[in-house]
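Chain by chain, the residues run as shown.
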Amino acid sequence: QTVRIGNQGDALSMDPHSLNESLQLSVTGNVYEPLVTRGKELQLEPALATSWKQTSPNVWRFELRKGVTFHDGKPFTADDVLFSFARGSGDGSDMKSYTNDIKEVRKIDAHTVEFETKAPFPILPGVLSFFYIMSKQWSEENQATRPVDRRKGVENAASFRANGTGPFRLRERQPGVKSSFVRNGNYWGKIEGNVVNVEYTPIGNDSTRVAALLSGQVDVMEPVPVQDVARVNASGKAKVLQGPELRWIFLGMDQKRDELLNSSVKGKNPFKDKRVRQAFYQAIDINGIQKTVMRGAATPAALLVGPGINGFDPAMNTRLPYDTEAAKKLLAEAGYPNGFEVGMNCPNDRYVNDGAICQAVAANLARIGVKVNLQVETKGTYFPKVLKRDTSFYLLGWSPSTYDAHNVLNALIRCVDDKGSGQFNLGAYCNPKVDELTLKIQSETDQAKRNAMIKEAFTLHSNDVGHLPLHQQALAWGVANNVQLTQRADNQMPFRYISVR
Amino acid sequence: MIAFVRRWLDSDVGHSFRTSPTAMVAAAIAFVCLFCAVFAPWVAPHNPFDLATLELSNARLPPAWSEGGVSQFLLGTDDQGRDILSALIYGARISLAVGLASVVLSVVIGVAFGLLAGFLGGWVDAFLMRLCDVMLSFPAILVALLIAGVGRALFPDAHDSLAFGVLILSITLTGWVQYARTVRGSTMVERNKEYVQAARVTGVAPLRIMRRHVLPNVMGPVLVLATIQVATAIITEATLSFLGVGAPPTSPSLGTLIRVGNDYLFSGEWWITIFPGAMLVLIALSVNLLGDWLRDALNPRLR
Amino acid sequence: MLSQEGLPESQASLVRATDLAKTFDVSAPWLNRVLERQPRQLLRAVDGVSFDIPRGETLALVGESGCGKSTVARLLVGLYEPTRGGFEFDGQDAHAAFKTPGGRQLRRRIQMIFQDPYASLNPRWVVEDIIAEPLREHGIEIEPVALRARVDALLHSVGLSPHDRVKYPHQFSGGQRQRISIARALATQPEFLVCDEPTSALDVSVQAQVLNIMKDLQRERGLTYLFISHNLAVVRHVSDRVGVMYLGRLVELAPKHTLFDSPRHPYTRMLLDAIPKMHDTGKARTPVSGEVPNPLNPPSGCAFNPRCPHVNERCRNERPVLQTIGGVRVACHAVEEGRI
Amino acid sequence: MSLLQVKNLVVEFPHRRGTLRALDDISFDIAPGEILGVVGESGAGKSLTGASIIGLLEPPGRVASGEILLEGRRIDNLPFDEMRKVRGRQIGAIFQDPLTSLNPLYSVGRQLIETITTHLPVNQSEARKRAIQLLRDTGIPAAEQRIDHFPHQFSGGMRQRVVIALALAAEPQLIVADEPTTALDVSIQAQIITLLKTICKDRGAAVMLITHDMGVIAETCDRVAVMYAGRIAEIGPVHEVINHPAHPYTAGLMACIPDMSVDRERLHQIDGAMPRLNAIPAGCAYNPRCDRVFDRCHAERPDLMPAGVTRAACWLHAGSSAAQILAQGVAA
Amino acid sequence: MFAFILRRLAQAVVVMVSVTLIAFMLFQYVGDPVVFLLGQDATPEQIRELRVDLGLDQPFVVQFWHFLVNAVQGEFGLSLRQGAKVSRLIGERLPATLELALVAGVMALALGIPMGVYAALKRGSFTSQLFMTISLLGVSLPTFLIGILLILVFAVQLGWFPSFGRGDVVQLGWWSSGLLTAKGWLHITLPAITLAIFQLTLIMRLVRAEMLEVLRTDYIKFARARGLTNRAVHFGHALKNTLVPVMTITGLQLGGLIAFAIITETVFQWPGMGLLFIQAVTFADIPVMAAYLCLIALIFVVINLIVDLLYFAVDPRLRADKAGGH
Ligand SMILES: Nc1ncnc2c1ncn2[C@@H]1O[C@H](COP(=O)(O)OP(=O)(O)OP(=O)(O)O)[C@@H](O)[C@H]1O
Ligand SMILES: Nc1ncnc2c1ncn2[C@@H]1O[C@H](COP(=O)(O)OP(=O)(O)OP(=O)(O)O)[C@@H](O)[C@H]1O
Ligand SMILES: [Mg+2]
Ligand SMILES: [Mg+2]
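Residues numbered from 1 in each chain as written. Chains lettered and ligands numbered in written order. Predicted model: local features only at pLDDT ≥ 70, side-chain atom pairs only at ≥ 80, totals over all residues. Heavy atoms only, no water.

For a regular strand, the rule is simple: side chains alternate between the two faces of the sheet. Residue and element names in this part refer to chain A. Of all six residues in strand β7 (residues 112-117), six are buried, a share of seventy percent or more. Residues of β7 alternate between two faces, with Thr112, Glu114 and Glu116 on one and Val113, Phe115 and Thr117 on the opposite face, all of them buried. Pairing analysis gives five bridges linking strand β5 (residues 59-64) to β7, with the strands arranged antiparallel. Bridged to Glu63 within β7 is Thr112. Where strand β6 (residues 102-109) meets β7, six bridges bridge the pair, whose relative direction is antiparallel. In the strand pairing of β7, Lys107 is matched with Val113. (Buried < 20%, exposed > 50% of the residue type's maximum accessible area, 1.4 Å probe, protein only. Helix = DSSP H or I, 4+ residues; strand = E, 2+ residues; numbered from the N terminus. Pairing = 2+ DSSP bridges.)

The following block contains the structure:
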């Protein structure tokens, strides 16, 4: 059984440590495995580790699975784990954020390892679910002991070839063109689906990708542009599998500068006034956006996290009402009865219909008198700009890589410092109380206490209207009628769930 | 004015115009497009740039005559609830403006360089022609892509006007080469003609000769080329928009409209892309036909 | 010897060319020359030509295509810099003067009429502008009404009507265009007119009109002409003295009647023989044998030697110089030796 | 019998403001082996006459009426392919500019052989032999080598010899030579004219020599036709026309030519210019410039009528023969 | 001729160095690759480090110099994005683009020349007018629209041709060819048509214009006067002379084909260099962009050199210095 998959992008490399990006991890995750993985509902499941427990606040012990072999036939041992973590935290690795909190990995015996963290670290197993284990021997034999070293211009065998323990082996790879995978006959576990061969093709252009599905050139494709969902469903050849994605779209506002970069308001920053922020919030017709721009493929959100994320509480997830009049009033109270002019930055090829969302928002804001000078551009120029915080008003999407609310608090909400806190808090929202909580949450091991603190932090943030949450994006996979698969909310597509009739 | 038109219609070129139905139809279409574009605020039923009037609930309405259409939106609406007809008219305005502006700029640069190279010869010529070679080995789209990127980076807060500036500049940068080459060629022929030498014998300064004698006599082919280049520029702009570096979606050109509409080709909302596409083809075709006709009409050997 | 002979005339001479030479570098590009081991290629278009023209007279230059006639003309009006030698105009070193600001004055006094009546007028200018250009350029007349009057007068003097002022050149016949050219040349009231084949593109009937006008103007204004042509009949009609050129050199220079009645140089004789005789119809001419040699690689000795019936060893080796023999100036060993 | 007969040939150019008559009722004939000169001012219609005979009028020009007969066979209305066989085979042509008449991309040999094999039933090697012979006959030294050279490797005079060889390749009976020497040097002109003359004498071909150089006509031709504004003004033996012109235009033309044997302060000059085709005056086309014009010249158009030995289209010679009266009757 | 080639090569080097220089100046602005190289959780420290490691903190002149020195040794470094040797990436993509351009070029020439000849010979006839007008559509429709419409009609609706990709390729040494399998031909058809349409129009119009020009020359008139058949005149004499100037423009156009391939490759997901470049642009992958531009300049220069050499072969006048002078 062969399944042909078309995707918007491609894994840039087969090296599991070279890039911390979800598509790359999704592809390499079929060949390599972590110690702990996530199941269909994102629950943690044993993978190369059969069990784990916290032996002291700072120490975790993992029992490794026995009898596992790499694709080249070599057995999997604790040495491979040690090697992989050394590799992943060394030069050229992009996985350091997963290993930063680990102080040391120790080998207890051939199938037991111990992790010592720098501070109490309650969510370590979850964090490790994207850290894949490589073979020490193979890497050494193939000069792949380090992730690619661009400085020296030295290529890395692991970029093109792969030797993991996963359910599929890499058979052939042409970067950006095609990658073929074949089922691993010696896999330690059970493979749910019946697929034997997988052909993975990147197809960047939306129309072409839809055409490929409709003309039967691919069996699975991802994502389906929202406007084509109906067409695919109506084609009789394929249907669209839709479901919520672990990605929240929101708007941020510069709350730090004393004068906005590009605005008609001089001498002060209107976004420092909560009333203005709230006016913006209430001016956005989120249901309209959901209905027309997203064609239903989105769930309006009141927080920057949602179901599936550790620490989320549905009770908090209520938006302020859409109310143009109230918004106008707030604006007038804040001293802008006639609105003002402000620049807005927006990518047009990063999130689902991102450009259109911004346009709709701009139209919404126009109704309360705010003139938005929208600048929509490709992600290539958008991100460098907003990351320098050269923006007053921007759109961003976030998917917490640890499936934990702390990640969001730390990256998006915490006050900005130069050590990486609030790194994506591009509008520099800052509430010291939230910061305090964030720090505590990081090392709190009591789950209930921790959740309460998360809730408190989010409440503070919501009351401040620190960001303008929009919605949770939806996944849309086009699947031919003869294919069955499981859609995971983190947009990972493990081949082992795919069956072909 | 009327007398002028009458005299023109009576001239050879005018006659060939009157006897060529294609030319007349093309001119009529071009004129209508130009008229609509220039007077867009008065001609268009809505103002698509006025965000406050957009209503998301009006999004993606089909043309008035088909089921579900609303007479208020003759050609339907796009995904933002913008009236397609108005967007078309404003889009044509932007496309034409970009096309004309970049062609005018290319002509100015190209003709100036061509004249200098052809008239002065020597190392000036060699240098300018190598420059042309360099420009030519950068295919137009590549240059435009790079320039657009640079422009955006240099003017990070670029609003629409600056985005257009970047667009025009990038089309100009590759466009001038053709004019420079053409003009250089004709200048080299022209400068050896006896009327130029007569002026030199009289003691007229070289720059003056270039401007007053040579320039008017090398403009013929430039004119024809320019006509056709307008169409090419409009298409290039559309292509750049397709690649995502063209006119901003808030003030869309025809190219941007097509690119946006492109996403709706499969979803059955054909009007979002077909109308701008048809408009673009209509403009480009009529301008091309005019250029074509002009080329033949101005070529005495074909008369 | 040259100067001795020239002296008595020099007082009256308006134009005096001394050893005028123009060499064009037509070498292949440097790289080619290096790789293909080619020498520099120099084309001696004009190679040491001396003559003088008394005020009010016409000197004609004749010769085959490529012998350097036009180059001489262009040297005289300052379109080319001479490689060697120079020419004096009214006692003044002209080429030095052309370069000074005062040279404009000189440009006023020397004008040129070109061969092709179609190419010598800017097709996009109306006649009025064409004729007024030199007037404006030299600041002779700037005021519009007076300027217009001047243009009308000029048009009148070449037999055109003031109504033609607003027409474009293409609305005129060849002969009329040539008259416009003449009017333009006359605008600055020059003393010396260089005419490079002014009638060779014209029909005989039109040629007659143009030649007549030129003669009339000479009579009225005392103009001095350098008249270039390859039509000996025309030359005979207009000139006072005739210079015969061959491959960049003067081979014979003599008063018109002397030259036509008793040509000395074999090449001159050949040219005269080549003129079809109109009135004794059916009589074949004796065609000249051979072709014009390649100017890049001229024969050694006398350039004419490969085609000359009187050639001898000396002709092949030694280049004859122009010298006065029997009252005319001729460059030929055979004449010098009295062989012909 | 004459080789070529042109009867009342009219050539027209349809134009947006009516039709231009570029050749208006031209009649003449050429006997085998005869050299007929055609002179006239630029635009008089000389080239058009030649082009009509070889059937290469450029559209939109067309033969509107009249006939052209070659050896008694009408050739002006032949189908394209028939006419093609006449061209080159029976009527050869030579044009003014020898440089542009030859295709620069092919060797002269190829062009010669191509012409020969198109018309004559010979194979390649024979054709090549003939080609070499032709080049030799036209006075090209070392013909065996030069046959493989390209046109740009020949000098102007040599090129014109090649062109003549090409025109003669299939041994035509008539050669239309349109200003064959105008582009050449004075000294080369004589060579080419002599060559043309002797070659045609040797092969018995007739020549229609178009030129505006009276001198060339004088020494080469048997008869001469003087054209003016699309009409023949005078036609007759060359000696007569030159020495005793019957038409005032011919006389004027002769007087315009500077004469080597007499000194004149001013040349005789015909004022004005030949009328444009769209402004040909009624009656005799020459009437505005004629110094012997009288009423009839304005009113009626003269046909060719005997005037001494020649025939001239001038009312001055009217009534000198019965034929004229007849013609008058028709015209009236 | 040797000197000529040498001079062209020298010029080519100048052109290419200038191209890369300009390209490098522009690269400063197209985006920041570091943002894409590190994931969202990277620390500022890491970002700074990477920037230094990649040499992106150095002035562009220095970066350019390093690039140049490496490029001369045929080494373009590693793709920032893919971590693979740029030379390898481009080498893998080159065959696809060249085959596409070749097929499209052949298509454009094979149709464009006959159509142009026809339009010139039958000037004014209905068919030729039709050709002229319809061909204008080719330059009035943006390439991407043509491509998408072709996909819509022929791939989705009719299902005759595949909508994307190259199909099966056969590996011939390092060259992968799609032209040896039936499937490969099916795959190349739509993209090649898309790419060819624009060129076809240009070539057709050029041939027509040149042919009309040539048909008016004296040697064509003289050839007719010699009684040559129409075939010999039109195809023996006129066509060959027409093709001499057409060659130059076609040479330039072939360069254009490769540039236009960017759009076509994007639309058809054709795994060629254009696609690589576009991806590189979005990710500011400077080594890939630089190498691509160099290669394009090189191809352009090579094509022009070939065209110039063809001139020597076709036009005897240019061989004058060798053969002439007898
Ligand atoms: N600008 C130039 N560069 C190189 N060579 C030149 C230039 N001008 C003239 N020559 C050469 O100088 C020689 C003399 O040319 P010139 O034009 O003076 O001849 P001419 O006697 O006027 O001929 P014609 O009768 O054809 O006008 C010719 O061999 C010509 O090729
Ligand atoms: N295509 C055309 N359309 C209109 N008129 C034309 C055309 N071709 C020629 N004529 C006219 O026909 C007349 C005769 O032209 P022709 O070429 O026969 O003159 P010619 O006597 O050969 O002159 P020349 O000595 O200049 O060669 C001219 O008045 C010319 O303007
Ligand atoms: Mg000359
Ligand atoms: Mg003629």
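The discussion continues.
Residues and elements named next belong to chain D. Around ligand 2 sit 13 residues in total, of which Ser42, Gly43, Lys46, Ser47 and Leu48 are the nearest. For ligand 2, an oxygen atom lies 3.2 Å from a polar atom in the backbone of Ala44. In this structure, Gly45 approaches ligand 2 through a main-chain N or O atom, which is 3.0 Å from an oxygen atom. Out of a free accessible area of 640 Å², ligand 2 has 65% covered by protein chains. No other element matches helix α1 (residues 46-53), which puts three residues into the shell around ligand 2. (Near = heavy atom within 4 Å. Polar contact = N/O pair within 3.5 Å; in protein donor to acceptor, adjacent residues only side chain to side chain. Areas by Shrake-Rupley, 256 points an atom, 1.4 Å probe, with all protein chains shown as cover.)

Let us look at the UniProt feature "transmembrane region" (unreviewed entry) in chain B. Residues and elements named next belong to chain B. The positions that UniProt labels "transmembrane region" (unreviewed entry) are, in the present scheme, residues 21-44, 94-124, 136-155, 161-179, 218-243 and 270-294. Counting secondary structure, residues 21-44 comes out at 92% helix and 0% strand; the distance between its end C-alpha atoms is 29 Å. This span, residues 218-243, is 96% helix and 0% strand, and a straight line between its end C-alpha atoms measures 36 Å. (UniProt positions renumbered as here; feature names shortened; annotations may be inferred.)

Most contacts, compared over the eight pairs of chains touching, are made between chains A and E. The closest approach of any C-alpha atom in chain A to one in chain C is 39 Å; the two make no contact. Chain A shows no contact with chain D. Their nearest C-alpha atoms sit 48 Å apart. (Contact = heavy atoms within 4.5 Å.)

What follows is about the environment of Ala480(A). All names here are of chain A. Turning to its location among the elements, Ala480 is positioned in strand β17 (residues 467-480). Judged by its relative accessible area of 10%, Ala480 is buried. Sequence spacing of Ala480 and Pro400 is 80 residues, and the spatial spacing of their C-alpha atoms is 30 Å. Ignoring sequence-local partners within four residues, the contact set of Ala480 consists of Leu213, Asp219, Lys237, Ala238 and Lys239.

Our next topic: the site of ligand 1. Residues and elements named next belong to chain C. Of all residues adjacent to ligand 1, which total 15 residues, the nearest are Ser65, Gly66, Lys69, Ser70 and Thr71. Between ligand 1 and Gly68 there is a distance of 3.1 Å, counted from an oxygen atom to a backbone nitrogen or oxygen. Contact distances for ligand 1 include 2.9 Å between an oxygen atom and a side-chain N or O atom of Lys69. Within the complex, the protein chains bury 67% of what would otherwise be the 630 Å² of accessible surface of ligand 1. Elements with a minimum of two residues in the shell around ligand 1: β2 (42-54) and α3 (69-77). Element by element, the count of residues in the shell around ligand 1 is highest for α3, at three residues. Of the residues in the shell around ligand 1, the class split is seven nonpolar, five polar and three charged. (Nonpolar A, V, L, I, M, F, W, Y, C, P; charged D, E, K, R; others polar.)

Below, the discussion takes up the nonpolar core. Grouped together as the largest cluster of nonpolar side chains are 201 residues, with contacts concentrated most on Val232(A), Leu254(B), Phe266(B), Ile283(B), Trp293(B), Phe144(E) and Phe277(E). Each of domain 1 (1-73) and domain 2 (91-283) of chain E contributes no fewer than three residues to this core. Sequence-distant contacts of Leu254(B), defined by excluding residues within four places in its chain, comprise Leu88(B), Gly91(B), Ala92(B), Ser95(B), Pro276(B), Met279(B), Leu280(B) and Ile283(B). Formed by 145 residues, the second largest nonpolar core is a distinct cluster that contains Leu42(A), Leu304(A), Tyr336(A) and Ala363(A). (Core = buried A, V, L, I, M, F, W, Y, C linked by side-chain atoms within 4.5 Å. Domains from an automatic or database assignment.)

Time to look at the pairing of strand β8 (residues 168-174) of chain A. Residue and element names in this part refer to chain A. Where β8 lies against strand β9 (residues 178-183), six bridges are found, and the strand directions are antiparallel. Its bridge partner being in β9, Phe168 is matched across the sheet by Arg183. Where β8 hands over to β9, the hairpin turn is made up of three residues, of which Gly176 adopts a positive phi near 75 degrees.

Before going further, it helps to examine the packing of aromatic side chains. Counted according to the given criterion, the structure contains 36 aromatic pairs over all chains. Taking 6.2 Å as the distance between ring centres and 35 degrees as the angle between the ring planes, the aromatic pair formed by Phe89(C) and Phe192(C) counts as tilted. Taken together, the residues span a long stretch of sequence, with Phe89(C) in strand β4 (residues 84-89) and Phe192(C) in strand β7 (residues 192-196) at a distance of 103 residues. For the residue pair Phe89(C) and Phe192(C), the accessibility class agrees, reading buried in each case. Every member of this aromatic cluster is reached through a ring pair, and the members are Trp52(A), Phe62(A), Phe85(A), Phe115(A) and Phe131(A). Positioned above the aromatic ring of Phe80(D), the side-chain terminus of Arg87(D) is 5.8 Å from the ring centre. (Phe/Tyr/Trp six-rings, centres within 6.5 Å; stacked < 30°, edge-to-face > 60°. Lys NZ or Arg CZ within 6 Å of the ring centre and 35° of its normal.)

Next up on the list: the sheet that holds strand β10 (residues 249-255) of chain C. Residue and element names in this part refer to chain C. One open sheet holds the eight strands; their spatial order is β6-β7-β8-β3-β9-β10-β12-β11, and the pairing between them is mixed. Of all the strands in the sheet, the pair left with one neighbour each is β6 (110-113) and β11 (323-325). Pairs of neighbouring strands in the sheet enclose a mean axial angle of 20 degrees, with direction left out of account. Here helix α8 (residues 174-186) sits on the sheet in contact with β6 and β7, set at roughly 175 degrees to β6. (Axes fitted to C-alpha atoms, helices over the stretch in contact; angles between N-to-C directions.)

Once that is clear, we can look at the pattern of salt bridges. Counted under the stated rule, the structure contains 69 salt bridges over all chains. Between Asp10(A) and Arg173(A) there is a salt bridge, with its nearest N and O atoms 3.5 Å apart. Residue Asp10(A) is found in the loop between β1 (2-7) and α1 (22-28), and its partner Arg173(A) is found in strand β8; the two are separated by 163 residues along the sequence. Considered together, Asp10(A) and Arg173(A) belong to a single accessibility category, that of buried residues. Arg21(D) is the salt-bridge partner of Glu12(D), the closest N and O atoms lying 3.3 Å from each other. Salt bridges here are not isolated pairs; linked through shared partners, they connect Arg61(A), Lys103(A), Glu104(A), Arg106(A), Glu114(A) and Glu116(A). (Salt bridge = Lys/Arg side-chain N within 4 Å of Asp/Glu carboxyl O.)

Okay, the state of the cysteines next. Considering all chains together, one arrives at two disulfides over all chains under this definition. The partner cysteine of Cys346(A) in its disulfide is Cys358(A), sulfur to sulfur 1.9 Å. Here the disulfide of Cys346(A) and Cys358(A) is right-handed, its torsion about the S-S bond being about 80 degrees. Placement of the pair is Cys346(A) in strand β14 (residues 341-347) and Cys358(A) in helix α12 (residues 354-366), with a sequence separation of 12 residues. Judged by relative accessible area, Cys346(A) falls into the buried class, the value being 0%. Here Cys415(A) pairs with Cys430(A) through a disulfide, and the sulfurs are 1.8 Å apart. Judged by the sign of its S-S torsion, about 90 degrees, the bond between Cys415(A) and Cys430(A) is right-handed. Note that Cys415(A) is positioned in the loop between α14 (405-413) and α15 (432-443) and Cys430(A) in the loop between α14 and α15, a separation of 15 residues in sequence. Judged by relative accessible area, which is 12%, Cys415(A) ranks as buried. Just so you know, Cys256(D) is unpaired, no disulfide at all, and the nearest cysteine sulfur is the one on Cys290(D), 13 Å from it. Unpaired in this structure, Cys297(D) has its nearest cysteine sulfur neighbour in Cys284(D), at a distance of 5.9 Å. For Cys297(D), a relative accessible area of 7% gives the class buried. (Disulfide = S-S within 2.5 Å.)

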